[in-house]
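Remarks on the overall topology
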Amino acid sequence: MSMRIRTSALTALTVAALAAGTVVTAPAAGAAPKAAAPKFLSASELPPHPTSSWTAGPVTEGFPEGLGFCVSTEGVPSYDYRHREFRTDLDTGAVQLTVVTSTAALAKALAKHYDDLIRTCADRIEEADPDVQAEGRDYGSLPVEEGARVRGLHTETSWGASDIALLSVGQDGRTVTVVQWGQMGDFGDAPVAAFKKTTTTAVKKLY
């Protein structure tokens, strides 16, 4: 999803995320034992842009607003969220989220929860806003650490705005990472092979 997605589509996506009803049971705040913080992607590890280099923002505490389109904290309390945003000089952006849980079993459940939210995101978008058409695609799983999955999402508004996003969820032990890349365009503009490589790197690099 483009980081500069139009207002109507943005509203639809946000409402859709908040409407997701799946709940993952989590321990109370502060229950997760402290350990080394997971590492993040660098700008050079994102899918190459043909005309602009990537710039990486700082690693920041909290849940990134940009992921709220399909993935949210709804029903997932008391986790340690950190994120990093990336941008180019053009209309292309990306974000990585890391979530540290207290056990590998909770991380597995959380990864499935996030993947389910991404898988059903297109339907929720269309239900939330009749002016937006959405289609999701499954690009398969990746054999890295405890596993990762890559999906695509295309949205088009009634006035012709078209945005493409690639999203992935991966797990390493008790940590989950979500990566999103987005720009204007459609499925033909999605660098799927390069994004799979980025996802593999993101999961391997966590620890």
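Structure report, in brief. The structure presented is a predicted model; accordingly, all values stated were derived computationally and were not measured.

Examining the nonpolar core
Y114 and L153 are the most contacted members of the largest nonpolar core, which totals 27 residues. Broken down by element, this core gets its largest block of residues, seven residues, from helix α2 (residues 104–119). Judged by nonpolar contacts, the second largest core, of 21 residues, contains L46, L142, V150 and V192.

Some points on the side chain of S168
As for its position among the elements, S168 is in strand β7 (residues 162–172). At a separation of 2.8 Å, a polar atom in the side chain of S168 contacts the side chain of T199. Not counting residues within four places of it along the chain, the set of residues in contact with S168 comprises R149, V150, T177, V178, V179, F195 and T199.

A short note on the pattern of salt bridges
As enumerated under the stated definition, the model contains eight salt bridges in all. A salt bridge links E135 to R137, with the nearest nitrogen and oxygen atoms 3.4 Å apart. When its relative accessible area of 38% is taken as the criterion, E135 is described as partly exposed. Its salt-bridge partner being R149, residue D138 comes within 2.9 Å of it at the nearest N-O pair.

Focus: the state of the cysteines
On inspection of all chains with the given rule, the structure shows one disulfide. Here C70 engages in a disulfide with C121; their sulfurs sit 2.0 Å apart. Looking along the S-S bond of the C70-C121 disulfide, the torsion reads about -85°, which is the left-handed sense. Here C70, found in the loop between β2 (60–61) and β3 (80–87), pairs with C121, found in helix α3 (residues 121–128); they are 51 residues apart in sequence, far enough to count as distant.

What counts as what
- Residues numbered from 1 in each chain as written.
- Predicted model: local features only at pLDDT ≥ 70, side-chain atom pairs only at ≥ 80, totals over all residues.
- Heavy atoms only, no water.
- Core = buried A, V, L, I, M, F, W, Y, C linked by side-chain atoms within 4.5 Å.
- Buried < 20%, exposed > 50% of the residue type's maximum accessible area, 1.4 Å probe, protein only.
- Helix = DSSP H or I, 4+ residues; strand = E, 2+ residues; numbered from the N terminus.
- Polar contact = N/O pair within 3.5 Å; in protein donor to acceptor, adjacent residues only side chain to side chain.
- Contact = heavy atoms within 4.5 Å.
- Salt bridge = Lys/Arg side-chain N within 4 Å of Asp/Glu carboxyl O.
- Disulfide = S-S within 2.5 Å.

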